[in-house]
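Structural overview for review
This is what each chain is made of:
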Protein chains: 2
Amino acid sequence: MSDLREKIIKSSLQLFSDKGFHGVTVNDIVNHCDTSKGGFYHHFKSKDELLYVIHDTFISYVLNEANQAKKCYDRPIFQLHEMLKALVRVYDLYNEHIVVFNQENKYLKENYEILIQKKRDNYKEILQEVIKQGQELGEIRNELPTTITNMAILGMVNWTYQWYKKDGPKTIDEIASTYIDIIFSGLLTTEALEEYRASKLSMTDI
Amino acid sequence: MSDLREKIIKSSLQLFSDKGFHGVTVNDIVNHCDTSKGGFYHHFKSKDELLYVIHDTFISYVLNEANQAKKCYDRPIFQLHEMLKALVRVYDLYNEHIVVFNQENKYLKENYEILIQKKRDNYKEILQEVIKQGQELGEIRNELPTTITNMAILGMVNWTYQWYKKDGPKTIDEIASTYIDIIFSGLLTTEALEEYRASKLSMTDI
DNA sequence: TATTACAGACCAACCAGTCGGTCTATAACA
DNA sequence: TGTTATAGACCGACTGGTTGGTCTGTAATA
């Protein structure tokens, strides 16, 4: 991939995550990374395509991580642990992508929106399946409705984009550890919780 | 208050929550509620002011609810219970306000942004104080960092705007009940949790 | 020479906001 | 009661600035 293309993406990420997609003009972007309209439109069909590329980069990465987590562990409880760990850790890699992903998805043009929505749903399904299996195996409390639980977890984690700062007082590992603690204490059956706390994967070792 | 003013707010809520602030023109709004540019600008200084009014209506309401909850109960655990119940229930009253509030706050103009941020922070402080007091009284586990816990709860609840539909398969009370279950199981000390479960305010009675 | 990579002047559409004007209602007055 | 004065509510054509995108030209590269 070209050098300029990456520069444009990097600049736009910085600008979009700060002022929002509509708060940034194409001219703002090309000025910021010291190129021109010509340079921009040589690499991107439109401003909308750029927004799509940002979305896709992020969701594809996360989706891949989720699939890895499912493959590498066999018990739902550990799959969930791994997925959460991965999802929160992404914040140190893709902080700006995430802000744009959560803030500007409404402005994706029809075709692009469908593509992203598909992957988004795919991720949700994976998580949902893990929870359902956890319930079937008696690791996660059956009283909890699966879909609501699913969205509760996603909400807690995704909301991080609203307040997390890389140079802030809380490290991302500390945050991940707290989320996992709350979620596991909140979801697991007493037996599974005891087992989990006794296991190597206890809170201090995320 | 004038009739038209309310009609404009109602229309804009519908349109904004669907297509986003920048996806809706002032002409879209006045066409939707069958008025004119003149009518619009007679009631609002600018499109930005309209956005502010929507934000303020919602946050002021929620802030008031939170203060009520603090006043009406003396123990943190019950204050928290009441705050969560209230916050989730708002979804049936202010669904569209909430979508706009969470999606478009980046586009508030400087002055307005400061006013809203102040109330937003105020709400966070109230919740944070409840959690801290809960920890001091031994009702909430001390291992949990207060601020992260605070944001975890807010995230779980606020994320509801991303998926809740009034005519969907889940009622708002069911959702509130599940959130409270997860959060209380996740946060409370074993003693407090037992006490809570034994009390009238058990899950089935939210 | 042909192709790719970029520059930057330019254009057409769009959109928030304006402004002169109308219509209705109520108050003041004769 | 009939007439006029005044204010507020609302209308809609118009404008001026902005912005995404195009197009022609040029430099580098192969």
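Here the structure is a predicted model, which is why all the values come from computation and not from measurement.

To continue, consider the interface of chain A and chain B. At the interface, 40 residues of chain A touch 40 residues of chain B. The contact between chain A and chain B buries some 3400 Å² in all, and 63% of this surface belongs to carbon and sulfur atoms. A per-residue breakdown of the area chain A buries against chain B is headed by Lys106(A), Ile148(A) and Trp159(A), which together make up 21% of the total. Remark: the boundary between chain A and chain B carries 2 salt bridges. Our count for the chain A to chain B interface comes out at 12 residue pairs in polar contact (both at pLDDT 80 or more). Going through the elements one at a time, α1 (3-19), α6 (95-103), α8 (146-158) and α9 (172-187) of chain A are the ones with two or more residues in the side of chain A that touches chain B. Its residues assigned to classes, the side of chain A that touches chain B shows 17 nonpolar, 14 polar and 9 charged.

Near DNA strand D lie 15 residues; those nearest to it are Lys37(A), Thr35(B), Ser36(B), His42(B) and His43(B). Expressed as a percentage, the sugar and phosphate content of the atoms of DNA strand D within 4 Å of the protein is 57%. The separation between a phosphate oxygen of DNA strand D and a polar side-chain atom of Thr35(B) is 2.4 Å. The contact in question runs from a phosphate oxygen of DNA strand D to an N or O atom on the side chain of His42(B), over 2.7 Å. Of all the elements, helix α3 (residues 37-43) of chain B adds the most residues to the surface near DNA strand D, at 5 residues. Among the residues making up the surface near DNA strand D, the classes are represented as 4 nonpolar, 8 polar and 3 charged.

All names here are of chain A. What the domain assignment reports for chain A is domain 1 (1-44) and domain 2 (45-205). Taking only C-alpha atoms, the centre of domain 1 and the centre of domain 2 are 29 Å apart. With 18 residues of domain 1 at the contact, the number on the domain 2 side is 15 residues. The junction of domain 1 with domain 2 conceals about 1500 Å² of combined surface from both sides, 74% of it contributed by carbon and sulfur atoms. For the domain 1 face of the interface with domain 2, the top three residues by lost area are Leu13, Phe21 and Phe44, together amounting to 45%. At the junction of domain 1 with domain 2, the criterion picks out 0 salt bridges. Remark: the boundary between domain 1 and domain 2 carries 4 residue pairs in polar contact (both at pLDDT 80 or more).

Moving on: the UniProt feature "DNA-binding region" (unreviewed entry) in chain A. Under the UniProt annotation, "DNA-binding region" (unreviewed entry) lies at residues 25-44 of chain A. For residues 25-44 of chain A, the end-to-end C-alpha separation is 14 Å, with 70% helix and 0% strand making up the annotated structure.

Note on the copies: chain A fits chain B at an RMSD of 0.0 Å, the axial shift is 0.0 Å, and the rotation between them is 180°. Given the turn and translation reported, the copies of this chain are related as if by a two-fold rotation axis. Both copies share a contact surface, since 100% of the interface residues of chain A are interface residues in chain B too.

Next up on the list: the UniProt feature "domain: HTH tetR-type" (unreviewed entry) in chain A. Under the present numbering, the feature "domain: HTH tetR-type" (unreviewed entry) in UniProt falls on residues 2-62 of chain A. Across residues 2-62 of chain A, the secondary structure splits into 77% helix and 0% strand, with the terminal C-alpha atoms separated by 24 Å.

The rules behind the values
Residues numbered from 1 in each chain as written. Chains lettered and ligands numbered in written order. Predicted model: local features only at pLDDT ≥ 70, side-chain atom pairs only at ≥ 80, totals over all residues. Heavy atoms only, no water. Contact = heavy atoms within 4.5 Å. Buried area = accessible area lost by both parts, 1.4 Å probe. Salt bridge = Lys/Arg side-chain N within 4 Å of Asp/Glu carboxyl O. Polar contact = N/O pair within 3.5 Å; in protein donor to acceptor, adjacent residues only side chain to side chain. Helix = DSSP H or I, 4+ residues; strand = E, 2+ residues; numbered from the N terminus. Nonpolar A, V, L, I, M, F, W, Y, C, P; charged D, E, K, R; others polar. Near = heavy atom within 4 Å. Domains from an automatic or database assignment. UniProt positions renumbered as here; feature names shortened; annotations may be inferred. Least-squares fit on C-alpha atoms with pLDDT ≥ 70 in both.

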